[in-house]
Amino acid sequence: MYDIIVIGAGPAGLSAAIYARRSGKTVLVLEESTYGGQIVNTPDVENYPGIAHVSGFDFATNLYNQAKDFGAEFKFEKAIGVEDGEVKKVKTSNGEYESKAVIIATGAKNRKLGLDNEESMIGKGVSYCATCDGMFFRDKNVAVNGGGNTALEDAFFLSNYCKKVYVIHRRDEFRGDEKDVEKLRSKENVEFVLDSTVAEIITSDDHVSGVKVKNKKTEEERVLDVDGLFVAIGQVPDNEDFKDIVELENGYVKALEDCKTKTPGIFVAGDCRTKSVRQLATAAADGAIAGIAASQYV
Ligand code: NAP
């Protein structure tokens, strides 16, 4: 039996594992895919205090190695439920593990546009990760949909390789940082398509060949000649598996800054928690708080 099981190996989960190990507790981290969470998709992190520039992948790898060096154990299995009791039982796709406390740090997943052929065009022109797939679109035209920091950073990254980058956003003001908007405005190969949404993904030869956008104010439709569509319209949480032991609010696990859920011994950290600022720094902060709180509980 472990002292603490952490569900999720993103920045929040890995930070929690580091703090719990430093408190002398045994820690198992469960992760359904690869370590790092969403930050691995960020080309250049430049707002983490104390680090001027680092790629998301390097940051995540350092964090993962740090947690491993402190003695956290890792199993790459999806947690599919937690049974409460003095001993908590975490069910996974492969089996069951026991612990005295559990930290849920499942992050969030990419929101989909919900268009008919969106899923079937993944890998054929539709992508949710500019860092991963941008290179396939060198010297081609692409569109980025979204107005948050992810969309702005993706568009800037792509503008360095692609012939033309359209930034499609449903409003004329951006949710992301003004500094990043200004950086994009200075690029000659970037065009903003504002007050607009993607109405249709156009394909030919089983590959994206264009995107039809509709202006919400004028109702005007326009076809953008692009080979790629990068969807960056935010995230949605994925905590349904834990709804019996924690309270969910719009899918997020309800908790205050102390990271305590309604169930003693079950904590929550990072983007999957109800909170107003979802940043790398706040995910790490949550991890520290939850790691210490869970250690004290044990
Ligand atoms: P976000 O901030 O939630 O922005 C999502 C964007 O997509 C918004 O502009 C939103 O429009 C738009 N959108 C949402 N649903 C849509 C739909 N169905 N159709 C069309 N557009 C839609 O998401 P994010 O950019 O992925 O960022 C998530 C969090 O990570 C944020 O807190 C962000 O600051 C942070 N982040 C930080 C960094 C960094 O600091 N380096 C990098 C990336 C992300 P509206 O604005 O109209 O709602």
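Soluble, globular proteins show a tendency: their nonpolar side chains are buried together. Counting 33 residues, the largest nonpolar core has V29, F74 and I103 as its most contacted members. For this core, the secondary structure elements donating two or more residues are β1 (2–7), α1 (11–22), β2 (27–30), α2 (56–69), β6 (96–104) and α6 (280–297). Other than its neighbours up to four places away in sequence, V29 contacts V6, G8, A9, A17, A72, E73, F74 and K75.

Let us now look at the pairing of strand β5 (residues 88–92). What you see with β5 is a clean split: K88, V90 and T92 sit on the buried side and K89 and K91 on the side with no burial. Relative to β5, strand β4 (residues 79–83) is paired through 4 bridges, and the arrangement is antiparallel. Following the sheet pairing, A79 is matched in β5 by T92. Here β4 hands over to β5 after 4 residues, with G85 in that stretch at a positive phi of 155°. Note that β5 and β6 share 4 bridges and pair antiparallel. Residue pairing in the sheet places V90 in a bridge with Y97 of β6. Between β5 and β6, which pair antiparallel and follow one another directly, the connecting turn spans 3 residues.

Moving on, we come to helix α4 (residues 149–159). The α-helix advances 3.6 residues per turn, and as a result positions three or four apart in sequence lie on the same side. Buried within α4 are the following residues: A151, L152, D154, A155, F157, L158 and S159. The elements touched by buried residues of α4 are α3 (130–133), β9 (141–145), β10 (164–168), α5 (178–185), β11 (190–193) and β15 (228–231).

The phi angle at D206 is positive, at roughly 60°, despite the residue not being glycine. Here D206 is to be found in the loop between β12 (196–204) and β13 (207–215). The class for D206 is partly exposed, based on a relative accessible area of 46%. Even without a glycine there, the phi angle at N250 is positive, about 50°. Note on placement: N250 falls in the loop between β17 (248–249) and β18 (252–253).

Moving on, we come to the side chain of N141. Among the secondary structure elements, N141 is positioned in strand β9. Of the polar contacts made by the side chain of N141, one reaches the backbone oxygen of D225; its length is 3.2 Å. With sequence-adjacent residues up to four places away left out, N141 is seen in contact with K163, K164, D225, V226, D227 and G228.

Moving on: the environment of A285. Structurally, the position occupied by A285 is in helix α6. A relative accessible area of 37% means that A285 is categorised as partly exposed.

Here the focus is the sheet that holds β11. The strand order β8-β15-β9-β10-β11 describes an open sheet built from 5 strands, whose pairing is parallel. Across the chains shown, the open sheet's two edge strands, defined by having one partner strand only, are β8 (126–127) and β11. Two strands pair when backbone bridges link them, and β9 and β10 are joined in this way by 5 bridges, in the parallel orientation. Paired with V142 across the bridge in β10 is V165. Contacting β9, β10, β11 and β15, α4 runs over the sheet at an angle of about 170° to β9.

Our focus in this paragraph is the packing of α4 against α5. Geometrically, a packed helix pair is captured by the angle between its two axes and the distance between the axes. Orientation of α4 relative to α5, taken along the N-to-C sense of each, is 30°, at an axis distance of 10 Å. Classed by the angle they form, the pair α4 and α5 counts as roughly parallel. Classified by chirality, the crossing of α5 by α4 is left-handed. For the pair α4 and α5, the contacting residues are N149, L152, E153, A155 and F156 in the first and D180, V181, K183 and L184 in the second. For the contact of α4 with α5, the per-class residue count stands at 5 nonpolar, 1 polar and 3 charged.

As a matter of local geometry, the ligand sits amid 17 residues, with N47, T150, R171, R175 and Q279 nearest to it. G147 places a polar main-chain atom, nitrogen or oxygen, 3.0 Å from an oxygen atom of the ligand. Between the ligand and the protein, one listed contact pairs an oxygen atom with a backbone N or O atom of G148 at 3.4 Å. For the ligand, whose accessible area on its own is 910 Å², the fraction buried by protein is 80%. Looking at the shell around the ligand element by element, the count peaks at 3 residues for α4.

Right, let's get into a positive patch on the surface. On the surface, R111, R170, R171, R175 and K216 cluster together into a positively charged patch. Checked against the element boundaries, R111 lands in the loop between β7 (108–110) and β8.

Reading guide: rules and limits
- Residues numbered from 1 in each chain as written.
- Predicted model: local features only at pLDDT ≥ 70, side-chain atom pairs only at ≥ 80, totals over all residues.
- Heavy atoms only, no water.
- Core = buried A, V, L, I, M, F, W, Y, C linked by side-chain atoms within 4.5 Å.
- Buried < 20%, exposed > 50% of the residue type's maximum accessible area, 1.4 Å probe, protein only.
- Helix = DSSP H or I, 4+ residues; strand = E, 2+ residues; numbered from the N terminus.
- Contact = heavy atoms within 4.5 Å.
- Pairing = 2+ DSSP bridges.
- Polar contact = N/O pair within 3.5 Å; in protein donor to acceptor, adjacent residues only side chain to side chain.
- Axes fitted to C-alpha atoms, helices over the stretch in contact; angles between N-to-C directions.
- Parallel < 35°, antiparallel > 145°, perpendicular 65-115°, else oblique.
- Left-handed = near helix turned anticlockwise from the far one by under 90°.
- Nonpolar A, V, L, I, M, F, W, Y, C, P; charged D, E, K, R; others polar.
- Near = heavy atom within 4 Å.
- Areas by Shrake-Rupley, 256 points an atom, 1.4 Å probe, with all protein chains shown as cover.
- Patch = residues over 30% accessible without salt bridge, like charges linked within 9 Å, V, L, I, M, F, W, Y side chains within 5 Å.
- Salt bridge = Lys/Arg side-chain N within 4 Å of Asp/Glu carboxyl O.
- Lys, Arg positive; Asp, Glu negative; His and termini not counted.
- Charge placed at Lys NZ, Arg CZ, Asp CG, Glu CD.

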